[in-house]
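# Breakdown of the fold
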Amino acid sequence: MLRFKILASVVPLLAAAAFARGEIGSVSHPCIALGETSVELTSLFWTAGVHVAFTDDPSRATVKVQITEDADAADFAVVDDGLGSETDSCQASPANRLVTIAAQPVDGGPVIYLSTDGPADYRIYVRSKTFSQREAAALIVGAHDGRRPFQAASL
């Protein structure tokens with residue numbers, strides 16, 4: 001009987017650990033590689049180190065991201081509709097940075113104003129079947145840690 005009680009208490013803990021670690025089903029999330037680090041969106045709020053939020057009010061924003069129609073004018077371009085996308089560019093490692101999109105600003109985290117008008121802190125160009133403009137903006141803001149700008153990123 002005691003073994004059954006121990007088994008009954010361990011199974012839910014194992015299931016919770018598997019869910020928290022791998023998001024059961026291992027759904028692919030938008031991710032970019034920056035040198036040896038990767039930045040990935042996650043839906044698990046508690047695992048993310050960076051929580052970004054969006055606003056429709058430019059006066060509330062801490063970061064302004066402009067959507068551009070010209071890839072050459074963009075600071076960050078996402079074009080992944082071709083056959084040669086880099087599927088292995090974001091592998092799990094301790095250097096990964098997890099970003100989540102929060103409904104409201106969290107503990108002084110970045111608040112993004114996304115628009116087609118300038119001026120902006122970042123300009124993005126997005127033509128993708130897998131990335132939305134919001135996700136690309138969240139990744140670019142999550143990738144910038146305030147100390148150094150990124151040099152190059154890949155999908």
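Residues numbered from 1 in each chain as written. Predicted model: local features only at pLDDT ≥ 70, side-chain atom pairs only at ≥ 80, totals over all residues. Heavy atoms only, no water.

### As for the side chain of Ser-115
For Ser-115, the location among the structural elements is in strand 7 (residues 111-115). For Ser-115, a relative accessible area of 13% corresponds to the buried category. A polar side-chain atom of Ser-115 sits 3.0 Å from the main-chain carbonyl oxygen of Asp-117. With sequence-adjacent residues up to four places away left out, Ser-115 is seen in contact with Val-65, Gln-66 and Ile-67. (Helix = DSSP H or I, 4+ residues; strand = E, 2+ residues; numbered from the N terminus. Buried < 20%, exposed > 50% of the residue type's maximum accessible area, 1.4 Å probe, protein only. Polar contact = N/O pair within 3.5 Å; in protein donor to acceptor, adjacent residues only side chain to side chain. Contact = heavy atoms within 4.5 Å.)

### Structural notes on the confidence of the model for the protein
Here the protein averages 76 in pLDDT, while 65% of its residues score no lower than 70. Contacts for the low-pLDDT stretch residues 146-152, under 50 throughout, to residues beyond four places or in other chains number eight contacts. (pLDDT = per-residue confidence, 0-100.)

### Here we look at the sheet that holds strand 3 (residues 50-55)
Taking strand neighbours across the sheet as the criterion, the eight strands line up as 1-2-6-3-7-4-8-5 in an open arrangement whose pairing is mixed. In the strand order of this sheet, the two ends are held by strand 1 (31-34) and strand 5 (76-79), each with one partner. The sheet shows a mean angle of 25° between the axes of neighbouring strands, taken without regard to direction. Two elements, strand 3 and strand 7, share three bridges in a ladder whose sense is parallel. In the strand pairing of strand 7, Thr-55 is matched with Tyr-113. Of the strands in this sheet, strand 1, strand 2 (37-41), strand 3, strand 4 (63-67), strand 5, strand 6 (97-102), strand 7 and strand 8 (122-127) are in contact with helix 2 (residues 133-143), which crosses strand 8 at around 140°. (Pairing = 2+ DSSP bridges. Axes fitted to C-alpha atoms, helices over the stretch in contact; angles between N-to-C directions.)

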